[in-house]
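Summary of structural features
Next come the chains, spelled out residue by residue.
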Amino acid sequence: MINTRLLKERVALEKCWSSKTAHPSTKLDLHSNVSKGQCFVTSMYLFNLFNNSNQKNFLITIHRGHVENLEGMHLVNDHCWLEIETDLHDNIIIDMTADQSNNIEIKVILGFRNVMPINFNIKYITNKIYAEKDLLMLDISTKNRFLYLLSSRNKINIFTKSQ
């Protein structure tokens, strides 16, 4: 059920992503995946979405690092994703832009960190963790990209009354 919601959210976000929301260092061209350069701003969007409904029951953070296969080859470099700390001694990873490189075809990855190698043949390697206090200190350019995505996303309703 939550994966269906995330997939619908991904479809809506695809309509919002643009050069205005992409990381400034991202070089977009006609052959780029639509999610290229959108990982941090999308993780910020998810952080905001989950944090507003979380009631502070779980620690939610944005992780920055890379994704590699089981042989250690980098599949996605300089990448960001959301992690939710659980009582199960394992974090839940939500990666809404997993397909931004051509090495991963899955658009949305959702699962426990410890079973990623089993379920997806990949590992998420964290180099930096952003907690809520860190996000408040971000530069104005990053905040503007997030606000642009948020305002664009708020104009799209992905749910109908029948759902």
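Counting from 1, residues in each chain are numbered in the order their sequence is written. Local features are withheld for residues below a pLDDT of 70 in this predicted model, meaning they are given only at 70 or higher, and side-chain atom pairs are given and counted only at 80 or more; totals for whole chains, interfaces and linings count all residues. With hydrogens and water excluded, all non-hydrogen atoms of the structure serve as input to the side-chain values.

A look at the overall build of the protein chain
- The helix and strand inventory of the protein chain stands at five helices and five strands.
- Reading the secondary structure of the protein chain in the N-to-C direction produces α-α-β-β-β-β-α-β-α-α.
- Taking the principal axes of the C-alpha coordinates as reference, the protein chain spans close to 40 × 40 × 40 Å.
- A fraction of 58% describes how many contacts in the protein chain between residues 6 or more apart in sequence connect residues 24 or more apart.
- Note on areas: these come from Shrake-Rupley sampling with a 1.4 Å probe, and a residue is covered only by the protein chains present in the view. By element, 55% of the accessible surface of the protein chain is carried by carbon and sulfur atoms, the whole surface being about 9400 Å². Secondary structure elements follow DSSP: runs of H or I of four or more residues count as helices, runs of E of two or more count as strands, with numbering from the N terminus. For this analysis, residues touch if any pair of their heavy atoms sits within 4.5 Å.

Digging into the nonpolar core
- With 26 residues, the main nonpolar core has Phe 40, Ile 62, Leu 82, Ile 94 and Leu 135 as its most contacted residues.
- Within the residue set of this core, elements represented by two or more residues are helix 1 (2-16), helix 2 (39-54), strand 1 (60-69), strand 2 (74-85) and helix 5 (140-153).
- Those residues within four positions of Ile 94 in sequence are excluded, and the remaining contacts are Leu 6, Leu 46, Phe 50, Trp 81, Leu 82, Ile 84, Ile 109 and Leu 110.
- Grouped together as the second largest cluster of nonpolar side chains are eleven residues, Val 76, Trp 81, Ile 109 and Tyr 124 included. Among buried residues, the Ala, Val, Leu, Ile, Met, Phe, Trp, Tyr and Cys ones that are joined through side-chain atoms within 4.5 Å form a nonpolar core. Think of it in three bands: with a 1.4 Å probe and only protein chains considered, a residue is buried below 20% of the maximum accessible area for its type, exposed above 50%, and partly exposed in between.

As for helix 5
- Take the residue count of a helix, subtract one, and multiply by 1.5 Å to get its expected span. With 14 residues, helix 5 extends 20 Å from end C-alpha to end C-alpha; this agrees with the ideal 20 Å at 1.5 Å per step.
- Taken residue by residue, helix 5 has Thr 142, Arg 145, Phe 146, Leu 149, Leu 150, Ser 152 and Arg 153 as its buried positions. Take helix 5 and look down its axis: the buried residues cluster within an arc of 165°, on one side only.
- Where helix 5 begins, the capping side chain belongs to Asp 139, and its oxygen is found 3.1 Å from the backbone nitrogen of Ser 141. Think of it as the arc spanned by the lines of direction from the helix axis to the C-beta atoms. Polar contact is defined as a pair of N or O atoms within 3.5 Å, subject to the rule that within protein one atom must be able to donate a hydrogen and the other to accept it, and that residues adjacent in sequence are counted only when both atoms are side-chain atoms.

Focus on the packing of aromatic side chains
- Two rings belonging to Phe, Tyr or Trp (six-membered ring only in the last case) form a pair when the distance between their centres is within 6.5 Å. Interplanar angles under 30 degrees mark stacking, angles over 60 mark edge-to-face geometry, and anything in between is tilted. As enumerated under the stated definition, the model contains two aromatic pairs in all.
- Both rings, one in Phe 40 and one in Tyr 130, keep their centres 5.1 Å apart while their planes meet at 70°; by these two values the pair is edge-to-face. Placement of Phe 40 in helix 2 and of Tyr 130 in strand 5 (residues 122-130) is noted, with a sequence separation of 90 residues between them. As far as the burial class goes, Phe 40 and Tyr 130 line up, both buried.
- The interplanar angle of 65° and the centroid separation of 4.8 Å between the aromatic rings of Trp 81 and Tyr 124 together place this pair among those described as edge-to-face. Taken together, the residues Trp 81 in strand 2 and Tyr 124 in strand 5 connect sequence positions 43 residues apart.
- Placement of a charge over a ring requires the Lys NZ or Arg CZ to be within 6 Å of the ring centre, with the centre-to-atom vector within 35 degrees of the ring normal. Here the guanidinium or amino end of Lys 128 rests over the ring plane of Tyr 130, the centre of that ring lying 5.0 Å away.

Details of the sheet that holds strand 3 (residues 91-95)
- The rule for pairing is simple: two strands pair if DSSP sees at least two bridges between them. Spatially, five strands are ordered 4-3-2-1-5 in an open sheet, and the strand pairing comes out antiparallel. Every interior strand has two partners, whereas the edge strands, strand 4 (109-112) and strand 5, have only one. Direction aside, the axes of adjacent strands within the sheet are offset by 35° on average.
- Bridge analysis of strand 1 against strand 2 gives eight bridges, and the strand direction is antiparallel. The residue bridging Ile 62 from the neighbouring strand is Leu 82, located in strand 2. Between N-to-C directions, angles cover 0 to 180 degrees, with each direction set by a line fitted to C-alpha atoms, over the stretch in contact for helices.

Examining the confidence of the model for the protein chain
- Confidence of the predictor at the level of single residues is captured by pLDDT, which takes values from 0 to 100. This prediction gives the protein chain a mean pLDDT of 86; 92% of its residues lie at or above 70.
- Helix 5 is the least confidently modelled element of the protein chain, averaging 84 in pLDDT, while strand 5 averages 96, the highest of any element.
- Between residues 158-163, whose pLDDT stays under 50, and residues either more than four places distant or in other chains, the model counts eight contacts.

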